[in-house]
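# Examining the three-dimensional arrangement
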Amino acid sequence: MALSDYSTDLTSGLNRLRLDGKYSDVTIRCGDRTYSCHRVVLAAMSEFFECMFDSPMEESMTSEVDLTAWNISKDVDICEKVLQFIYTGESAIDMSSAVHLLDSAAHFQMASLKAACLKFLSINLNKTNCLAVWQTASIHGFGELEALALSLVKKHFPEICYSEDFLALNRKEYILNILNGQNVNCPDTTVICRAVMLWINADFDNRVDYIDEIMNALNTLPMDVRDIEAIVVREQFGDIHKHSAYQRAVQSMKDQRVFRCNSVAKHVTFSDESIVVIGGSEDETNRDVQCFSFPQKKWFTLTALPFDVGFDFAVCSGGVHIYVTGGTTRKTAFLRYDGERNVWENMPEMPNKRQRHCMAIVRNNLYVFGGYDTPQSSPYRTIDIFDLTTFKWKTSGNHILAIPVRSASCVVLGQTIYVVGGLDLKGNQVNRVQYFDAKDNLSGAEYQVLPVEPNIQYKAVVVENTLYIVCKNGDVLRYDPGANKRPPVNGRITNFPRKDYGICEFEGNILVLGGTVKFQTKGDMIQFNIEKSLTVSMQEAMPAPKRQFGLCKATVMRRHLSNIDN
């Protein structure tokens, strides 16, 4: 579709420009070539031209715009491509020009070209262009594309960290983002160290002032200071080695006893922060266990459950161990995944039959809240507690919920467990947040009224020590424990309403997986950036659409992540 068919753009452009006067004979010059501007071109770039012609700039007197400086690519004639897009539309965009055109669209204030480039790059983003796209998206504030590109940078870091695009990154913030960020797919941290030293050395005169910050960031990585020294000497980074900031940082790391004598080197990471998804299949058994590695951005399969627990079971994790309780087929079931051996073990059965319950771990205790035996039963008020050191259940009449509920969500903040929402014994929505103080064994309900909508389903998640509640319509509430006011809406996640989805924290964002939207089961993965109130649909997806599955974050040993689930 040609831009001349974008009626909104043209109408707005033609209204903004006085084309009956001196602007009717405007020309564009690029190098030794000159283009006469058709009304369509002027309309498409109306805001850009208006800025020039309604000011005492040279262009307002000569009616000529020199765009030679914008033709920054050696391989692509950007000016020609911009004009080609105006007359022929999206077909003018290809991989060699898309990043440059996006940059030009931002400068020329061309909304249609910007939208077309963002769409093209989101679809065609890959490891060969992710660095350039990340840099352009970051400069111009294209948040969703920036997040997608950064995800690929982290995923393919070992393959791209020595490339020309990496060495050409022109701001220290990009390097610090990688060093200070989470889930870079690079188990050997000496690779990261060598890459950033090469980056400094590639333009030493302009980057020498960054050595202090970069060395401080390297100090947070699990690596031996002797490895840093070895890399600098072996690669003959003499300028870096002699610089006082580098020498101070190395001495400080030694003074802090960063390295450990007679121990295995710290620079190899043996585990991945991961999402573990259990069950959720409507056509097959619910024994399957799938794992998404945050650093590798891939799905793997782990050992399946020893039996089918059905639906409405509860899942939580502690370190490398994962726990499953209850469910529609085995209501007293209690299983533990041994993360060291990649096997499931039967644990002492629960004292009460539960489904549609929730659970959480604080220190050495596992707490089980709510749920019921059958739909005809009342929700449990009793809180069952399992001691993870003695492997015994303990139930006390003093450990109770203020309001018995089923289908609630719970999270841990500090040493307090918050039980959010749920349904009461009559099936009515409980728009309250209950709490259980695991330190003092005190429980109660906070009467901050949550919004009530038909069939609403609350999901709770903790992000950077703050409790957020996601509503069925996608509203994200920021919950302040103890406050006497209704939780404010922090933003809204798109691709809602949905229900029966999974939720967790991911790199400071809220991550939503699967569920049902308009009665259709989904397998998508969505990130919600709380600070920017921005929804990003990830390139990755679940291996199959799922609903009503169990989900938790866990640390998974990398040696168990070999069976890729496509």
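Cut-off values and rules
- Residues numbered from 1 in each chain as written.
- Predicted model: local features only at pLDDT ≥ 70, side-chain atom pairs only at ≥ 80, totals over all residues.
- Heavy atoms only, no water.
- Salt bridge = Lys/Arg side-chain N within 4 Å of Asp/Glu carboxyl O.
- Pairing = 2+ DSSP bridges.
- Helix = DSSP H or I, 4+ residues; strand = E, 2+ residues; numbered from the N terminus.
- Axes fitted to C-alpha atoms, helices over the stretch in contact; angles between N-to-C directions.
- Phe/Tyr/Trp six-rings, centres within 6.5 Å; stacked < 30°, edge-to-face > 60°.
- Buried < 20%, exposed > 50% of the residue type's maximum accessible area, 1.4 Å probe, protein only.
- Lys NZ or Arg CZ within 6 Å of the ring centre and 35° of its normal.
- Core = buried A, V, L, I, M, F, W, Y, C linked by side-chain atoms within 4.5 Å.
- Contact = heavy atoms within 4.5 Å.
- Parallel < 35°, antiparallel > 145°, perpendicular 65-115°, else oblique.
- Nonpolar A, V, L, I, M, F, W, Y, C, P; charged D, E, K, R; others polar.

### Remarks on the pattern of salt bridges
What the rule picks out here adds up to 23 salt bridges. Overlapping salt bridges bring together Arg336, Asp338, Arg341 and Glu345 as one network.

### Things to note about the sheet that holds strand β20 (residues 466-470)
Strand order across the open sheet formed by four strands is β19-β20-β21-β22, with antiparallel pairing between neighbours. Of all strands in the sheet, those with a lone pairing partner are β19 (459-463) and β22 (489-492), marking the two edges. Between one strand axis and the next, the sheet turns through 30° on average, direction left out of account. In this structure, β19 lies alongside β20, joined through five bridges in antiparallel fashion. Each residue of the ladder has a partner; that of Ala460, found in β20, is Ile469.

### Examining the packing of aromatic side chains
For the structure on display, the rule yields 16 aromatic pairs. Ring geometry for Tyr337 against Trp344: centres 5.4 Å apart, planes inclined by 55°, an arrangement best described as tilted. Take Tyr337 and Trp344: they sit in the same class, and that class is buried. An aromatic cluster is defined as three or more aromatic residues linked by ring pairs; in this entry it consists of Tyr323, Phe334, Phe386, Phe391 and Trp393. If you follow Arg330 out to its NZ or CZ, it ends over the ring of Phe307, 3.9 Å from the centre. One Lys or Arg, Lys459, reaches over the ring of Tyr501 and ends 5.4 Å from the middle of that ring.

### A look at the nonpolar core
Among the nonpolar cores identified, the biggest contains 73 residues, and Met197, Met215 and Leu218 are the most heavily contacted of them. Sorting elements by how many residues they give to this core places helix α13 (residues 189-202) first, with eight residues. Not counting the four nearest positions on each side in its chain, Met215 is found in contact with Met197, Ile228, Tyr246, Ala249, Val250 and Met253. Core analysis: the second largest hydrophobic core is formed by 21 residues, Leu302, Ala333, Ala554 and Leu561 among them.

### Quick look at the sheet that holds strand β10 (residues 343-346)
Read across the open sheet, the four strands follow the order β7-β8-β9-β10; overall the sheet is antiparallel. At either margin of the open sheet sits one strand with a lone partner, and together these are β7 (314-318) and β10. Taking the axes of each pair of neighbouring strands and ignoring which way they run, one obtains an average angle of 25° across the sheet. In this sheet, strand β9 (residues 334-338) lies alongside strand β8 (residues 321-325) in antiparallel orientation, the contact comprising four bridges. Paired with Thr325 across the strands is Phe334, a residue of β9.

### Digging into the environment of Arg341
Along the chain, Arg341 falls in the loop between β9 and β10. Between the alpha carbons of Arg341 and Met557 there is a distance of 9.2 Å; along the sequence they are 216 residues apart.

### Considerations on the packing of helix α16 (residues 225-234) against helix α18 (residues 244-255)
Running from amino to carboxyl end, α16 crosses α18 at an angle of 150°, the nearest separation of the two axes being 9 Å. Our classification of the angle between α16 and α18 gives roughly antiparallel. Listed contacts from α18 to Val225, Ile228, Glu229 and Val232 of α16 are Tyr246, Val250, Met253 and Lys254. A class-by-class count of the residues in the contact of α16 with α18 yields six nonpolar, no polar and two charged.

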